[in-house]
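One-letter residues, chain by chain:
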Amino acid sequence: MGRINRDQLNEIKSRGKGIIDIRLGKTLVDGEKHLMIGGGTACHASRSEPVRDAIKKEIKKRGLSQRCKVIETGNDSFATLAPVMVIYPEGVYYVHLTPDDVDDIVSQHLIDGKLVERLLYKDATDNDKPIPRMMDIPYFSNQTLITLRNLTLIDPENIDDAIYRDAYQGAAKALIDITTEEIINQVKISGIRGRGGAGFPTGMKWQFAAQAEGDIKYVLCNADEGDPGAFMDRSVLEADPHAVLEGMIIAAKAINAHQGYIYCRAEYPLAIKRLTIAIEQARRYGLLGKDILGSGFDFDLEIYQGAGAFVCGEETALMISIEGKRGMPRPRPPFPAQEGLWKKPTVLNNVETLANIPQIILNGGQWYAAIGTERSKGTKVFALAGKVINSGLVEVPMGMPLKNIVYDIGGGIPENKQLKAVQIGGPSGGCIPSDLLDTVTDYEAITGTGAIMGSGGMVVMDEDNCMVDIARFFMEFCQEESCGKCTPCREGTKRMLEIVTKITEGRGEIDDIATLEELADMVKDSSLCGLGQTAPNPVLSTIRHFRDEYEAHIKDKRCPAHVCKALITYIIVEEKCPGCGKCKRVCPVEAITGEKKVVHKIDPEKCIKCGACIASCKFDAIEVV
Amino acid sequence: MTKPEEIDWGQLEAIIDKHRGESWALIPLLQDIQETFGYIPEESIETIAEALNLFASQVQGVISFYAGLSLKPKGKYVIKACRGTACHVKGGRSILRYMKKELGLDEGETSPDYKFTLETVACLGACFLAPAMMVNRAYFGKLSPPKVTSILAEYGKKKGED
């Protein structure tokens, strides 16, 4: 089909009702089954493609192609379990798949109608009880899916699948039924705030750009997801790219722009591929280009690949980068809503923000505003990682306590270790200690702890993590990524990094903490952009909540968590070492000596503390002290 | 990836010609060259600047600003060790120390035979695989020293051979 109008859009949607019903578990049509195999980066990285190909082949071989459809989704939500597959209509969830499992799935599940128990999810918190249905697994049942609603339900490379799930209905409403004032009004009522980190109200941003004078305006999508520990935007682009395109069309209509750009990290090849396909398909249907859906409104967009500079996530730097220059932030005002890309009024929204817009328009701002807290509305997607059993994407209503995310969804800390802190907001954020775990996901509540909501990275840390080392880690990141324009950020972060490094090396002095705090204030107050203004946060929040760890490094020259390289030694426990020689063979620097069947020794001068010996020792004979 | 002496200058000129006069297209042009040759030959800077009506310093400035652009040729296998937060808390730094020793390379270095380049990246976004790395386009996760050794062996790195 070529260009479509609104009636044809609705026709496609109604044609897909039966298909979606199966995937929502509603009806059983002649035993038809849809095998939705996860195909996001997490699944691909865990070798899902051979599984996909094997299952397609097996189904064809057994003559089941009519009844059983294999569809690759962008789902990699519960990333720890990848590769995964959901079979609809029953919603059974199989995990950790390999091509060898395909035979059992086909003969037992598809032909005999029996569960393949060994491939089911096992609940570690409940004696490894198998849970067959995806929506009964606590990881999923505790989530509220709005942004990620299509994760397991559509083929991201097939626009019709997206249309079956209401894609472009919000755009149709915005382009044909309601005025631009009403679009902006609904977004304002929804209360949605920028999901990129700063949390500026999206409706206000759009209003400023709509009111700005000018015939040429731009809509930009920020997909330059750079925070270490964050992969929410990538997953949205891989699983539901049309939601983002539709959000941009609605934004364009609201401010009267006709050209857009998606600024995406080049490190996301799969997201770029799926976006490219989505754009081509949308153009073919006339959902991008001239006279969209016969509304008379024109809008088209292009992908612009980032070249690897964290600072380009900052809005002015991003625009300067699209113009082909070094992406260094510039002072505001003028704000991009007045003078943005090529000095034209510009709206820049984050991927997750844009993916929410179609549903806000379709269901109304009130619907969205009913979810969340007083000042933070809707849901937020977090990338949960680190020392937590269930790692992956989680979408929760604003206002959920961090404790619930880490324990109810994340399943708690592995190996019965103690939680020490939850790091939120990446290099701009901070560490929230265990005694503040009742803090709820709300922009202001999180800011109150010294962290920030940020874009959604959430890294759990346990007793084995050193908070001074974490502070040094983020300081090093900010220092390297500082663009160098503002002296306080360029030099201040360098000095701060030097001091924190000195502390981790046991060369700290007690005045260093005060010096760090003084430098931090200076860098925060006098840097131009968000990178510099927030760069000291990880240091400040760890000093605030974990001062005792700083003092242990400084006064006692001791790293309580046994992490900081200069303050630890690897030793072999004599009673445990049988002299098997394994550690000696794996040591890359020949620091270990000893005859066969005699206790071995580690030369501390040579040892680089890489952990190879610990990983190789079957007798737990090597300890870090 | 291409060794410096094997650059096809005709192909490089053709890439530059595609964007002639479009000063805004500097970054896509440089990415094109980087993608094709694995790096941006320093000798091409003047030609690029001329084609786009820019100063050579502007071209050089852009190349040095972005981590994705490089003036140095890279090895056949580019290893990207992840330095992200999740990898860091799961011992990524120790793994990197081990990798450096195994490869005999420091961050940003390429082996003399242009087989391996060792790089670090801020985050691969594969936090569930932490500690993780990429070799060209393939991901490897849950790394331990023995696993690193066996992955490197797959790519033809024998222990003790620098």
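These numbers come from a predicted model, not from an experiment. (Residues numbered from 1 in each chain as written. Chains lettered and ligands numbered in written order. Predicted model: local features only at pLDDT ≥ 70, side-chain atom pairs only at ≥ 80, totals over all residues. Heavy atoms only, no water.)

### Observations regarding helix α11 (residues 232-239) of chain A
Burial within α11 of chain A is extensive, with 8 of its 8 residues counted as buried. All of the buried residues in α11 of chain A are Met 232, Asp 233, Arg 234, Ser 235, Val 236, Leu 237, Glu 238 and Ala 239 of chain A. (Buried < 20%, exposed > 50% of the residue type's maximum accessible area, 1.4 Å probe, protein only. Helix = DSSP H or I, 4+ residues; strand = E, 2+ residues; numbered from the N terminus.)

### Focus: the layout of surface pockets
Residues and elements named next belong to chain A. What the second largest pocket holds in volume is close to 1300 Å³. Around the second largest pocket sit 47 residues that line it, and Gly 196, Gly 197, Ala 198, Gly 313 and Glu 314 are the ones nearest its centre. Ranked by residue count, the leading element in the lining of the second largest pocket is strand β10 (residues 346-350), at 5 residues. In terms of residue class, the lining of the second largest pocket is built from 16 nonpolar, 20 polar and 11 charged. (1 Å grid on protein atoms, 1.4 Å probe; cavity = no way out; pocket = protein on both sides within 12 Å on 5 of 7 lines; lining within 4 Å. Points joined across faces, edges and corners; volume = space filled by probe spheres on them. Nonpolar A, V, L, I, M, F, W, Y, C, P; charged D, E, K, R; others polar.)

### Observations regarding the sheet that holds strand β12 (residues 392-397) of chain A
All names here are of chain A. Here we have 5 strands laid out as an open sheet, ordered β12-β11-β15-β13-β14, and mixed in their pairing. Of all strands in the sheet, those bounded by a partner on one side alone are β12 and β14 (430-433). The mean angle between the axes of side-by-side strands here comes to 30°, regardless of whether they run parallel or antiparallel. One ladder, built from 4 bridges, connects strand β13 (residues 419-424) with β14; its direction is antiparallel. The residue of β14 that forms the bridge with Ala 421 is Pro 433. Sheet contacts for helix α19 (residues 467-481): β13, β14 and β15 (457-462); angle to β13, the most-contacted strand, approximately 15°. (Pairing = 2+ DSSP bridges. Axes fitted to C-alpha atoms, helices over the stretch in contact; angles between N-to-C directions. Contact = heavy atoms within 4.5 Å.)

### A word on the environment of Gly 91 of chain B
Residue and element names in this part refer to chain B. Following the sequence through the fold, Gly 91 ends up in the loop between α5 (85-89) and α6 (92-103). On the basis of relative accessible area, Gly 91 is assigned to the partly exposed category, the value being 27%. The spacing of Gly 91 and Ser 144 is 53 residues in sequence and 9.0 Å in space, taken between C-alpha atoms.

### Considerations on the pattern of salt bridges
Residues and elements named next belong to chain A. Tallying each qualifying case throughout the model produces 52 salt bridges over all chains. Ionic pairing is found between Arg 23 and Asp 161, a salt bridge with its closest N-O pair at 2.9 Å. Of this pair, Arg 23 sits in helix α2 (residues 17-23) while Asp 161 sits in helix α7 (residues 159-164); the two residues are 138 residues apart in sequence, bridging distant segments of the chain. On the basis of relative accessibility, which here comes to 4%, the residue Arg 23 falls in the buried class. Of the charged contacts, one joins Asp 462 and Lys 387 as a salt bridge, the two residues approaching to 3.1 Å between their closest N and O atoms. Here Asp 462, found in strand β15, pairs with Lys 387, found in the loop between β11 (379-386) and β12; they are 75 residues apart in sequence, far enough to count as distant. Lys 387 matches Asp 462 in its accessibility class, with the two residues each being buried. Here the residues in one salt-bridge network are Arg 52, Asp 53, Glu 72, Glu 157, Lys 273 and Arg 274, joined through shared partners. (Salt bridge = Lys/Arg side-chain N within 4 Å of Asp/Glu carboxyl O.)

### What to know about the domain arrangement of chain A
Residue and element names in this part refer to chain A. Along its sequence, chain A is organised into domain 1 (31-141), domain 2 (159-369), domain 3 (379-462), domain 4 (467-555) and domain 5 (569-624). Domain 3 and domain 4 are separated by 22 Å when their C-alpha centres are compared. On the side of domain 4, 15 residues touch domain 3, which itself brings 16 residues to the contact. Both faces considered, domain 3 and domain 4 share a buried interface measuring about 1200 Å² in area, 64% of it formed by carbon and sulfur atoms. The three residues of domain 3 that bury the most area against domain 4 are Lys 420, Pro 427 and Cys 431, which together make up 43% of that side's buried surface. Run the count over domain 3 and domain 4 and you get 1 salt bridge. Among the salt bridges present, the one from Lys 420 reaches Glu 549, with a minimum N-O distance of 2.7 Å. Linking domain 3 with domain 4 are 6 residue pairs in polar contact (both at pLDDT 80 or more), by the criterion used here. Elements with a minimum of two residues in the side of domain 3 that touches domain 4: β13 and β14. Taken together, the residues of the side of domain 3 that touches domain 4 sort by class into 7 nonpolar, 8 polar and 1 charged. (Domains from an automatic or database assignment. Buried area = accessible area lost by both parts, 1.4 Å probe. Polar contact = N/O pair within 3.5 Å; in protein donor to acceptor, adjacent residues only side chain to side chain.)

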